[in-house]
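Descriptive structure summary
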Amino acid sequence: MSDTTNNDGKKPLGLKGGTVRQKFSHGRTKNVVVERKNKRVFVPKPGGAGGAKSGGAKAAGGYLSDAEMARRKKALEAARAMEEERAAKERAQSEAREGERAKRRAEKESAVREAEEAKIRAERKAEEAAEKAKAEAEAAKASKKSVSGAARPKLRNPAPVNDPAEAQVAGARAEAGRVAPKNLKPAAKPAEDRKQTRNTKGGGNDRRRSGKLTINQALGGGGNRQRSMAAMKRRQEREKRKMMGGPVEREKIYREVQVPDAITVQELANRMTERVAEVVKALMTNGIMATQNQTIDHETAQLIVEEFGHKVVRVSDAAVEDILVSEPENDDENQAPRPPVITIMGHVDHGKTSLLDAIRKTNVVKGEAGGITQHIGAYQITLDTGEAMTFLDTPGHAAFTSMRSRGAQVTDIVVLVVAADDSVMPQTIEAINHAQAADVPMIIAINKCDREGADPTRVRTELLQHNVIVEEMSGDVLDVEVSAITGQGLDKLLENIALQAELLELKANADRPAEGAVIEAKLDVGRGPVATVLVQKGTLRRGDIFVVGEQWGKVRALIDDQGNRIEEAGPSVPVEVLGLNGSPEAGDVLNVVPDEARAREIAEYRAQVAKDKKAAAGAGVSLDQLLANAKADENVSELPILLKADVQGSAEAIVQACEKIGNDEVRVRVLHSGVGAVTESDVTLAAASGAPIIGFNVRANTPARNSANQKGVEIRYYSIIYDLVDDIKAAASGLLSPEVKETFIGYARIKEVFKITGVGKIAGCEVTEGVARRSAGVRLLRDNVVIHEGRLKTLKRHKDEVKEVQSGQECGMAFENYEDIRADDVIEIFTTEELERSL
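This section reports on the structure supplied with the text. No experiment lies behind these values; they were computed from the predicted model shown.

Here is what the cut-offs are and how they apply
- Residues numbered from 1 in each chain as written.
- Predicted model: local features only at pLDDT ≥ 70, side-chain atom pairs only at ≥ 80, totals over all residues.
- Heavy atoms only, no water.
- Salt bridge = Lys/Arg side-chain N within 4 Å of Asp/Glu carboxyl O.
- Helix = DSSP H or I, 4+ residues; strand = E, 2+ residues; numbered from the N terminus.
- Buried < 20%, exposed > 50% of the residue type's maximum accessible area, 1.4 Å probe, protein only.
- Phe/Tyr/Trp six-rings, centres within 6.5 Å; stacked < 30°, edge-to-face > 60°.
- Lys NZ or Arg CZ within 6 Å of the ring centre and 35° of its normal.
- Pairing = 2+ DSSP bridges.
- Axes fitted to C-alpha atoms, helices over the stretch in contact; angles between N-to-C directions.
- Contact = heavy atoms within 4.5 Å.
- Polar contact = N/O pair within 3.5 Å; in protein donor to acceptor, adjacent residues only side chain to side chain.
- Disulfide = S-S within 2.5 Å.
- Core = buried A, V, L, I, M, F, W, Y, C linked by side-chain atoms within 4.5 Å.
- Expected span 1.5 Å × (residues − 1).
- Arc of directions from axis to C-beta.

1. A short note on the pattern of salt bridges
All chains considered together, the criterion is met by 38 salt bridges. Of the charged contacts, one joins Arg-235 and Glu-239 as a salt bridge, the two residues approaching to 3.3 Å between their closest N and O atoms. One end of the pair is Arg-235 and the other is Glu-239, both in helix α7 (residues 229–243) and four residues apart, which spans about a single turn. Relative accessible area serves as the criterion here: at 34%, Arg-235 is assigned to the partly exposed category. One salt bridge connects Lys-644 with Asp-682, and the closest N-O pair in it is separated by 2.7 Å. Note that Lys-644 is positioned in strand β24 (residues 637–645) and Asp-682 in helix α19 (residues 680–689), a separation of 38 residues in sequence. Residue Lys-644 shares its accessibility class with Asp-682, and that shared class is buried. Connected through salt bridges with shared partners, the residues Arg-749, Lys-751, Glu-766, Glu-810 and Asp-824 form a single ionic network.

What follows is the structure, given as C-alpha cells:
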C-alpha cells in the first residue's frame with residue numbers, strides 16, 4: 001500500500017473516472033485525470049443512540065447529527081415567534097389607526113352637531129330678539145302718540161339706521177345667518193356659549209382664533225364673517241375621503257377642441273388636457289396603432305375627441321387666409337372713379353414701345369437691348385384734360401407668353417398694335433386670344449401708316465379671320481390709324497381710350513386695405529427685392545404690412561414710374577415696392593394685413609403648401625412608373641444649365657423657352673433659375689452638376705468670378721433673348737448622335753478559300769461590280785442572307801497590299817476576327833459617312 005500513498009499522506013486519484021479535456025481561450029486545451037467518488041452511506045450502529053440518530057435523520061430528511069437537528073429546531077421556533085410578534089404588532093397598529101380614524105370621525109361629527117345646535121340657538125335668539133324689538137317698537141309708537149304736540153329735537157348727526165327697532169331686527173337676522181351687518185356691531189356671545197366653545201376639542205380654527213384680534217376685526221371689516229355651509233360641507237367631504245384613504249376626485253372639464261386637417265397625437269392630447277397614454281390607448285382600442293409623434297387625420301381626431309366627451313371645432317389650415325377674402329364692393333357711397341388700365345400688346349417689332357414713347361414723350365426704345373422690349377413696364381400719364389391713364393407695355397417675343405397673359409388679366413382695355421406693312425402675325429393672334437379670354441374690350445391701333453407699302457385695309461381684312469370686326473367693317477371694335485414717328489392719330493387713339501373707359505364706368509374704393517397684382521419682380525443689389533405692383537383696390541401706404549405670394553414685408557418706400565418717392569398709391573397706380581423679405585413671383589397678389597404676425601403666418605402656410613405640392617408630385621409615382629421612366633431616360637441626353645436673370649418675368653420666359661427645346665434624344669434641363677447676380681453658390685452648384693451658367697442682363701460678382709475661374713465653370717452673358725435661345729439650341733444639337741449615311745461601292749464573289757498557316761483563311765475573290773477598298777466596310781452574304789458585318793484585315797492583289805481593286809479583277813481578302821468563309825459567298829462593300837444633326 002506504500003506505493004499508493006503520496007508524500008503528504010493523501011491517497012492518489014484512481015482510474016475510475018478517466019480523463020477530462022478542459023478548454024481555454026485562444027484554442028488551448030488540457031487533459032485532466034479525474035476520479036469519480038461514490039456517495040458515502042451512513043450505516044447506523046445497533047443500539048439506542050444509533051436508533052435516535054437514525055430517527056433524527058429521517059425526521060430531517062437526511063443524515064444529520066442530534067446537535068444540528070436541535071439547532072435547526074431552535075431556529076425554526078425563533079422564526080415562528082418573530083412572525084407571531086410581527087403579526088401582533090401589525091394588528092395593534094391597525095387597531096390604533098382604526099381608533100384614530102374613529103376618534104377623528106367622532107370629533108368631526110360632534111363639531112357638525114355643535115355647529116347645527118349653535119345655529120339653532122342663534123335662530124331662537126334671533127326670533128326672541130325680533131319679537132322683543134317688535135314689542136318695544138309698538139310701545140315706542142304708542143308713547144309717541146300719547147305725547148302729541150311736543151316739539152321734536154333736531155339731530156345733528158343722524159345714525160345710519162333710522163329706526164332702532166329695525167336695526168335690532170337686522171342685527172339678529174345677520175347673527176342667525178353668520179353674516180355681520182356693516183352698520184351694526186356684532187352681538188356678544190353669552191358667557192355659557194363662550195365657555196362651551198373654549199372647552200370643546202377640535203372645534204376648528206375659527207373657534208381657536210375667536211379670542212384673537214384679526215386685521216378685519218381691527219378695521220371693522222366684518223370680523224364675524226364665517227364660511228358658508230356649502231363650503232363647510234365640501235371641506236368635510238374632502239377630509240372624510242382623505243381619512244378613508246380614497247383619491248380626491250376632481251370634476252372633469254369638457255372643452256372645445258380645435259382640430260385641424262392633420263394633427264399629432266401629442267398635440268391632440270394637449271388640446272384636450274388628457275394624458276397622452278390615454279389617447280394612445282383610445283386609438284389602439286379603435287384599431288389605430290399610432291405613437292405620440294405620429295400624425296392622424298381630422299376624422300380620426302374627431303372620433304377620439306368625441307370619445308373623451310369634448311366638443312370638436314373644425315379648423316382648416318387655410319383659415320389663415322380668410323382675412324384676405326375680398327369683400328364685395330357694393331357700397332356706392334365709398335366708390336370713386338379710378339384711372340383706366342390699358343395694356344399695349346402685339347407682335348414683336350410692330351412699334352408698341354415706340355407708340356407708348358410718343359404718347360409719354362419719352363425714349364424708352366433707345367435703352368433697350370436689340371431694339372426689342374424684354375420686360376413688362378408700367379407707366380401713368382396725365383392728359384391735357386387732367387385725366388390719368390395707366391399703361392402696361394408687354395414684350396412681343398414668342399417666349400414672353402406669360403407676361404402677355406398677366407397683362408391681359410389685370411387690364412381694363414387692350415390696345416392691339418398691328419404694323420400696317422406686316423399685318424397679322426403669330427403673336428398678334430396670341431394677343432387676341434389673351435384679350436378674348438380675359439373678356440376685356442380691344443382697340444386696334446394700326447401702326448406704321450407713314451411707311452411705303454402700308455395697307456391698313458389688309459390688316460382689317462385679316463383680323464376678320466380671328467373674329468375681330470372693326471367699326472369700318474360694321475363691327476364694334478374701335479380702330480385707329482397711327483404713326484409713332486409722325487404722331488399721326490395719337491390724339492384720336494387717346495380719345496377712343498377715354499371714351500371706352502367712360503363706357504366701362506370704372507370705380508374703386510380707396511378707403512380700404514390695399515390689394516394689387518405684381519407686374520414684375522427683381523433683386524436689386526442696393527435695394528434688395530423690389531416688386532412692381534399695380535394697385536387694384538384700396539390705398540397702399542408707406543409702413544403697411546403686406547403679404548404677397550410666399551413672401552411678406554413692410555412697405556419701406558414707394559417709387560412711381562418717374563422715380564419719385566411717394567407716401568401712398570391709390571387704385572390703378574403702378575409703383576415699385578421696397579421692403580420685401582424675398583423676391584415674389586410675377587403675377588402674385590399683394591394684400592395688406594393688420595399685423596406682422598398674421599403676414600408671417602400666411603407666408604409660412606403658403607410656403608408649406610407649395611412644398612407639399614412639390615412633394616406630392618413625386619409621391620404618386622409607382623415603382624413600375626419609376627422603372628419605366630428610368631428605362632426611357634437611358635437613351636436621352638440632357639443639357640443642364642443654371643439661369644440667372646434680372647427680373648422674374650424674364651427668367652420665367654427663358655425657362656419656358658428652354659423646355660421647348662429638344663426631342664426624344666436630347667432635352668434641356670434647367671437646374672436652377674432665379675433673379676439677381678451670379679453668386680458663389682451658383683458656381684458651386686454648376687461645378688457639381690457640370691452645367692454652364694447663363695446670365696441674362698446680370699453679371700457675376702467678384703467671388704463668383706474667382707470661383708468660376710478656379711473650378712472651370714463657364715459663365716455666358718446675354719442681353720437679347722434671341723441669342724440666348726439660339727445658343728442653347730445649338731449646344732443641345734451637339735448632344736445629338738450623328739446621322740450615319742451608308743454608300744454602296746461594289747460586290748465581290750469568293751471563288752476559292754485558302755488556308756495559310758499563321759495567317760488564317762484567305763478568300764480568293766473576283767470583283768464583280770464597283771470597286772473594293774481596303775478602308776471600306778464589308779458584309780458577308782450567304783444565300784442572300786447577311787451572316788457577318790465588319791472590316792477587311794487585308795486586301796492583296798498578287799503579292800502586293802493595295803488600297804483598292806477595280807471591277808473585273810481578282811484579289812485576296814481576309815476579314816478581321818472572322819474566318820467562316822466559303823466558296824460562292826458574296827462580299828458587299830460599302831462606305832459610311834457621319835452627318836451632324838440639329839434641332
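Don't stop here, the text continues.
2. Here's the deal with the packing of aromatic side chains
Per the counting criterion, the structure on display carries one aromatic pair. Note on Phe-744 and Tyr-747: the rings are 4.7 Å apart at their centroids and 50° apart in plane angle, and the pair reads as tilted. Above the ring of Phe-830, the side-chain terminus of Arg-779 is found at 4.0 Å from the ring centroid.

3. Considering the sheet that holds strand β25 (residues 666–675)
Strand order in the open sheet formed by four strands is β25-β24-β26-β27, with parallel pairing between adjacent strands. Single-partner strands in this sheet number two, and they are β25 and β27 (715–718). Each neighbouring strand pair of the sheet contributes to a mean axis angle of 25°, computed without reference to strand direction. As paired elements, β24 and strand β26 (residues 693–696) share four bridges and run parallel to each other. Of the residues in β26, the one forming a bridge with Ala-645 is Phe-696.

4. Observations concerning the sheet that holds strand β11 (residues 413–419)
Taken in spatial order, the six strands line up as β9-β10-β8-β11-β12-β13 in an open sheet, and their pairing is mixed. The open sheet has two edge strands with one neighbour each: β9 (377–382) and β13 (478–481). In this sheet, adjacent strand axes meet at a mean angle of 25° when their direction is disregarded. The sheet contact formed by strand β12 (residues 442–447) and β13 spans four bridges and is parallel. When the sheet's bridge partners are listed, Ile-444 is paired in β13 with Asp-479. In this fold helix α14 (residues 456–463) packs onto β11, β12 and β13, with an angle of close to 145° to the strand it touches most, β12.

5. Digging into the side chain of Asp-560
Following the sequence through the fold, Asp-560 ends up in the loop between β19 (551–559) and β20 (565–566). Reaching out from Asp-560, the side chain makes a polar contact with the backbone nitrogen of Asn-564 at a distance of 2.7 Å. Those residues within four positions of Asp-560 in sequence are excluded, and the remaining contacts are Ile-566 and Pro-574.

6. Thoughts on unusual backbone geometry
A positive phi angle, close to 65°, is found at Asp-349, a residue other than glycine. Positionally, Asp-349 belongs in the loop between β8 (341–346) and α11 (352–360). Take Asp-349: its relative accessible area is 57%, and that puts it in the exposed class. Even without being glycine, Asp-783 reaches a positive phi, approximately 60°. By the secondary structure assignment, Asp-783 is in the loop between β31 (777–782) and β32 (785–797).

7. Comments concerning the state of the cysteines
Summed over all chains, the structure comprises zero disulfides. Left without a disulfide partner, Cys-765 is nearest to the cysteine sulfur of Cys-811, which lies 5.4 Å away. Residue Cys-765 is classed as buried on the basis of its relative accessible area, which comes to 1%.

8. Here we look at the nonpolar core
Counting residues in hydrophobic clusters, the biggest one holds 25 residues, and the most contacted among them are Ile-342, Leu-355, Met-389, Phe-391, Val-415, Leu-493 and Ile-497. Those elements that place two or more of their residues in this core are β8, α11, β9, β10 (388–393), β11, β12, β13 and α15 (490–504). By residue number, the principal contributor to this core is α15, which donates five residues. Beyond its immediate chain neighbours, meaning those up to four positions away, Phe-391 contacts Ile-342, Ile-344, Leu-356, Gly-377, Ala-378, Tyr-379, Ile-381, Leu-494 and Ile-497.

9. Considering the pairing of strand β15 (residues 515–524)
Residues in a regular strand project their side chains so that they alternate between the two faces of the sheet. Burial of β15 is extensive: seven of the 10 residues sit out of reach of the surface. Both β15 and strand β23 (residues 589–592) contribute to a ladder of three bridges, which runs antiparallel. Looking across to β23, one finds that Glu-515 is bridged to Asn-591. Across nine bridges, the pairing between β15 and strand β16 (residues 528–537) is antiparallel. Paired with Gly-516 across the bridge in β16 is Val-535. Connecting β15 to the next strand, β16, in antiparallel fashion are three residues.

10. Side note on α15
The first and last C-alpha atoms of α15 sit 21 Å apart over 15 residues, in line with the 21 Å expected at 1.5 Å per residue. All of the buried residues in α15 are Leu-490, Leu-493, Leu-494, Asn-496, Ile-497, Gln-500 and Ala-501. Down the axis, α15 shows its buried residues gathered within 160° of arc, on one side only. Set apart from the buried face of α15 by more than 90 degrees, the exposed residues are Asp-491, Glu-495, Glu-502 and Leu-503. On its buried side, α15 packs onto β8, α11, β10, β11, β12 and β13. A positive backbone phi angle near 50° is found at Glu-505, which sits one or two residues after α15.

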